[in-house]
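# Structural features, examined
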Amino acid sequence: MAYLMAIDEGTTSCRTIIFDDQCRIISVAQHEFTQHFPRPGWVEHDADEIWETQRRTMAEVMDQAGLEAGDIASIGITNQRETVVLWDRRTGRPVHNAIVWQDRRTADMIPRYDTPANRELVHRHTGLLLDPYFCATKINWLLEHVEGLRADAEAGHIAFGTIDCWLLWNLTGGTVHSTDISNACRTLLYDLHKQQWDEQLLELFEIPAAILPEVKPTSCDFGATEESLLGAPVHIGGMIGDQQSALFGQACVEPGMAKTTYGTGCFLLMNTGETAITSEHNMLTTVGWQLEGHGPIYALEGSVFMGGASIQWLRDGLKIIDEAPAVNDLAATVSSSEGVVLVPAFAGLGAPYWDPFARGAILGLTRGSTDAHVARATLEGIACQVCDLLRAMEGDSGVPLTELRVDGGAAASDLLMQIQSDLLDRPVLRPEVLETTALGAAFMAGLACGVYESLSDISAHWTQEHRFEPAMDEADREVQLGRWARAVERVLGWIQEDEHEA
Ligand code: ADP
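Keep in mind that what you see is a predicted model, and the values were worked out from it rather than measured.

Here the focus is the pattern of salt bridges. Evaluation of the coordinates by the stated rule reveals 30 salt bridges. Between Arg124 and Glu120 there is a salt bridge, with its nearest N and O atoms 2.9 Å apart. Note that Arg124 and Glu120 are positioned in helix α3 (residues 116–126) at a spacing of four residues, about one turn of the helix. Taking relative accessible area as the criterion, Arg124 reaches 42% and is therefore assigned partly exposed. As a salt-bridge pair, Arg467 and Glu469 come within 2.5 Å of each other at their nearest N and O atoms. By sharing partners, the salt bridges in this structure join Arg81, Glu82, Arg186, Asp242 and Glu301 into a single network.

Once that is clear, we can look at the sheet that holds strand β18 (residues 297–304). Consider a sheet: its strands pair through backbone hydrogen bonds, and that pairing is either parallel or antiparallel. Across the sheet, seven strands lie side by side as β17-β18-β16-β15-β21-β22-β23; this open sheet has mixed pairing. The outermost strands of the open sheet, each flanked by one partner alone, are β17 (284–289) and β23 (464–468). Neighbouring strand axes in the sheet, compared pairwise and without regard to direction, differ in orientation by 30 degrees on average. Pairing of strand β22 (residues 428–431) with β23, which is carried by four bridges, proceeds in the antiparallel orientation. If you follow Pro431 over to β23, its bridge partner there is Gln464. Helix α10 (residues 242–249) contacts β15 (257–262), β16 (266–273), β17, β18 and β21 (403–407) of the sheet and is inclined by roughly 120 degrees relative to β15.

This part is about the packing of helix α1 (residues 47–65) against helix α6 (residues 163–171). The interhelical angle for the contact between α1 and α6, taken along N-to-C directions, is 65 degrees, at an axis separation of 11 Å. Like other packed secondary-structure pairs, α1 and α6 cross with a definite hand, here right-handed. Counted together, Ala47, Asp48, Ile50, Trp51, Gln54 and Met58 of α1 and Ile163, Trp166, Leu167, Asn170 and Leu171 of α6 form the full contact between these two elements.

This brings us to the site of the ligand. Close to the ligand lie 13 residues; Thr264, Gly308, Gln312, Asn328 and Gly409 are nearest. A distance of 3.0 Å separates an oxygen atom of the ligand from a polar side-chain atom of Gln312. The contact in question runs from a nitrogen atom of the ligand to an N or O atom on the side chain of Asn328, over 3.1 Å. Coverage of the ligand by the protein amounts to 65% of the 590 Å² it exposes when considered alone. No other element matches helix α11 (residues 308–316), which puts four residues into the shell around the ligand. Classifying every residue of the shell around the ligand gives five nonpolar, eight polar and no charged. Both domains that furnish three or more residues to the shell around the ligand are identified here as domain 1 (1–306 + 402–413 + 426–469) and domain 2 (308–388 + 473–496).

Analysis parameters
Residues numbered from 1 in each chain as written. Predicted model: local features only at pLDDT ≥ 70, side-chain atom pairs only at ≥ 80, totals over all residues. Heavy atoms only, no water. Salt bridge = Lys/Arg side-chain N within 4 Å of Asp/Glu carboxyl O. Helix = DSSP H or I, 4+ residues; strand = E, 2+ residues; numbered from the N terminus. Buried < 20%, exposed > 50% of the residue type's maximum accessible area, 1.4 Å probe, protein only. Pairing = 2+ DSSP bridges. Axes fitted to C-alpha atoms, helices over the stretch in contact; angles between N-to-C directions. Contact = heavy atoms within 4.5 Å. Left-handed = near helix turned anticlockwise from the far one by under 90°. Near = heavy atom within 4 Å. Polar contact = N/O pair within 3.5 Å; in protein donor to acceptor, adjacent residues only side chain to side chain. Areas by Shrake-Rupley, 256 points an atom, 1.4 Å probe, with all protein chains shown as cover. Nonpolar A, V, L, I, M, F, W, Y, C, P; charged D, E, K, R; others polar. Domains from an automatic or database assignment.

Quick look at the structure:
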């Protein structure tokens with residue numbers, strides 16, 4: 001029996017999972033780490049604490065499973081993306097707390113770069129948008145605000161990495177400074193067509209090339225752990241950003257296959273094969289993964305801000321349910337929302353509308369409307385947003401969606417999944433192993449060391465727990481999607497530029 005270790009480093013916690021080669025979970029350990037909010041809109045992590053926490057979970061899963069280093073065929077790492085760590089190569093110590101992907105401190109740096117030509121450059125070369133969400137402005141902020149850092153960086157003493165790269169550096173005892181292409185392509189500094197760091201963008205964002213890691217495929221030989229860590233060196237064979245890892249963990253290995261993670265927000269990725277498609281609908285183009293000896297496989301990515309969070313609003317704001325899962329029983333007391341539409345634009349709308357001025361609304365109320373209709377309309381509102389994104393992805397790629405694979409907390413709702421299948425007119429498939437993010441990293445590691453031989457091997461290891469088939473009349477679907485489109489029109493641009501929200 002071969003075992004694979006998945007290091008799953010998230011935004012709030014570090015987890016490590018050991019899988020056997022049949023994708024069964026053997027042991028899991030998880031610990032949260034500290035979130036630092038030094039000012040409004042700022043979010044930081046202590047990179048040393050992340051490493052210490054991760055290391056603890058690695059020791060715990062080995063203990064629990066009763067395994068030794070020699071039993072682990074390979075390690076795969078998956079991680080929160082876009083979070084920036086800079087450290088001193090001489091000491092291995094971070095020069096500042098990590099700046100987390102959610103951090104908005106560099107929003108006011110954007111106007112420096114914001115010309116139509118630069119926006120076009122960024123979009124064409126990286127597949128992303130000029131936004132403080134990504135690494136480039138965060139790195140520049142550190143170079144400007146930590147005393148003496150720019151000179152040290154130019155002299156080659158400073159290393160940059162996203163969390164995958166930071167963990168790899170520490171796992172290998174400070175000997176390997178590499179990242180993988182799925183993380184590199186989220187920095188705003190990487191040309192995803194030429195597959196190299198982009199000199200024009202490095203110059204634009206004033207970032208010295210000397211800080212950059214080597215970029216490798218997502219599945220390859222990244223090095224081995226330092227001997228003292230697990231008792232003997234263990235091969236590291238996979239590194240992949242969390243959303244791409246979930247796409248791979250869902251075995252979405254053919255163009256047109258897509259996954260949605262229904263968490264607080266919803267995260268959608270669709271495999272577009274060997275072509276990097278530039279979106280006409282404000283979606284991101286990203287590298288899904290790259291196996292050694294092959295070209296990259298690309299994906300389109302979009303997200304819904306309010307997924308499960310809309311259900312939390314029913315619980316905490318409207319207080320019509322006591323706990324999130326209760327939404328299903330309440331919604332199931334009515335057979336339709338009877339014309340009630342809830343547009344969950346509580347925080348504006350993301351792709352394909354991209355309107356920060358939109359706000360949430362409940363439309364179509366009559367004297368007969370009840371909390372049950374609102375509950376059902378909430379589930380429909382989540383599903384409609386996912387439909388909008390998937391339709392836009394189909395439009396961009398010209399590749400029809402074959403089926404949708406799902407995970408995340410709210411994917412537990414059978415009713416939501418049925419509504420999704422009905423509105424999408426496609427099968428919705430929920431897997432046995434819901435730990436798809438960790439599983440993707442384990443698959444990458446398994447491919448690198450020969451535990452798995454091919455993509456068809458990966459597909460064969462994905463097993464379905466439930467398949468939801470569309471069961472709605474075409475005419476009903478059109479009525480409902482038409483009503484949704486009209487409702488969205490009503491909420492766009494709701495907040496006026498001169499209106500200050502309380
Ligand atoms: P995150 O990783 O973003 O914290 P999770 O994947 O843990 O999110 O999913 C949590 C979300 O799923 C919550 O917003 C909650 O409203 C929703 N949720 C959890 N269980 C159910 C359920 N049985 N039915 C519907 N929604 C649920």
